[in-house]
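# A structural walkthrough
Residue strings, one per chain:
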There are 2 protein chains.
Amino acid sequence: MDAQIKRGLLDILVLAAIKDEDSYGYSIIKDLKPYLEISESTLYPILKRLEAAELLTVRSAEHNGRLRKYYKITKAGLLRLDAFADEWQEVMRIYNYVTRGEDKNDEA
Amino acid sequence: MDAQIKRGLLDILVLAAIKDEDSYGYSIIKDLKPYLEISESTLYPILKRLEAAELLTVRSAEHNGRLRKYYKITKAGLLRLDAFADEWQEVMRIYNYVTRGEDKNDEA
DNA sequence: ACATAATACTATATCACACGAGGTATTGTT
DNA sequence: AACAATACCTCGTGTGATATAGTATTATGT
């Protein structure tokens, strides 16, 4: 029941992981590890979904005899990240509602 | 608002809605409407779940001939809300990662 | 040389859950 | 009489996270 909020950020985190530089599955998992531990069986379906939604494109390349599929964010993917930043205001409104009356100074 | 993010906030929002004062299904839906639109078929299973998890208790009462089930938050429910506030630091770390490099001054 | 870990992707089965659609029943309004 | 609002509930469906298992190569340790 804990950390469910973070699950909602999965798609966006994956997009963020390839935002500046193309990356591949295995690397994305390791890059995101400090933020959210995500398993292969979680990531690959997400990548498929994001590809279907045309938020990223895929290109295969061989690296040391192993296949690698590099994922590249699309224009739509970048727009999705921008939209997320906007949506965050709504999320913060909810956060403020939930924590109303508490004197935690989370937001200065 | 993104359905995925919303999903992670549902349980916590319901707890927040009964935090200060006992409430009932129909009222909770209307109270939360400004923050998040939640349907009856979404809310009632959540209330059942929260009751099973002992984060709230239920008491039936008649009001103008109609049945009302009042939900009251438990100690564990209040602790859950506290835990959420703590988790938020991690969520903000994710947010900052996702929006890195953007000059939106969302957090002053 | 052999075993194990790390790299890298895929498929399948399962469980949780949000939500539309539909149901019951009373009170208030037009 | 008709309809909206109040107030509860259930079922079916689709989406999605994740465990488990499989395939295959390279690197590391013993």
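For the structure, check the block above.
Being a predicted model, the structure only gives us computed values, none of them experimental.

### Section: the pairing of strand β3 (residues 66–73) of chain A
All names here are of chain A. Of the pairings in the sheet, the one linking strand β1 (residues 23–24) to β3 comprises two bridges and is antiparallel in character. What sits directly across from Tyr24, in β3, is Tyr70. In terms of strand pairing, strand β2 (residues 56–63) meets β3 through eight bridges, oriented antiparallel. Note on β3: the bridge partner recorded for His63 is Arg66. Once β2 ends, the chain turns through two residues before running back antiparallel as β3, passing Asn64 with a positive phi of about 55°.

### A word on the protein's contact with DNA strand C
Lining the immediate surroundings of DNA strand C are 23 residues, of which A:Glu40, A:Tyr44, A:Arg68, A:Lys69 and B:Ser41 lie closest. In DNA strand C, atoms within 4 Å of the protein come from the sugar-phosphate backbone in 70% of cases. Here A:Glu40 contributes a side-chain N or O atom positioned 2.9 Å from a base nitrogen of DNA strand C. B:Ser41 places a side-chain nitrogen or oxygen 2.5 Å from a base nitrogen of DNA strand C.

### Thoughts on the interface of chain B and chain A
Contact with chain B, which involves 43 residues of that partner, is made by 40 residues of chain A. Of the roughly 4000 Å² buried where chain B meets chain A, counting both sides, 62% is carbon and sulfur surface. Contact with chain A buries area across many residues of chain B, yet B:Tyr35, B:Ile94 and B:Tyr97 alone supply 17% of it, more than any other trio. The tally of links between chain B and chain A comes to four salt bridges. Measuring nitrogen to oxygen at the nearest pair gives 2.8 Å for the salt bridge that ties A:Asp20 to B:Arg100. At the surface where chain B touches chain A, the tally comes to 11 residue pairs in polar contact (both at pLDDT 80 or more). Of all elements in the fold, only α1 (3–17) and α4 (75–98) of chain B reach the threshold of two or more residues within the side of chain B that touches chain A. When residues in the side of chain B that touches chain A are grouped by element, the largest group, 17 residues, is from α4(B). Residues belonging to the side of chain B that touches chain A are distributed by class as follows: 25 nonpolar, four polar and 14 charged.

The rules behind the values
Residues numbered from 1 in each chain as written. Chains lettered and ligands numbered in written order. Predicted model: local features only at pLDDT ≥ 70, side-chain atom pairs only at ≥ 80, totals over all residues. Heavy atoms only, no water. Pairing = 2+ DSSP bridges. Helix = DSSP H or I, 4+ residues; strand = E, 2+ residues; numbered from the N terminus. Near = heavy atom within 4 Å. Polar contact = N/O pair within 3.5 Å; in protein donor to acceptor, adjacent residues only side chain to side chain. Contact = heavy atoms within 4.5 Å. Buried area = accessible area lost by both parts, 1.4 Å probe. Salt bridge = Lys/Arg side-chain N within 4 Å of Asp/Glu carboxyl O. Nonpolar A, V, L, I, M, F, W, Y, C, P; charged D, E, K, R; others polar.

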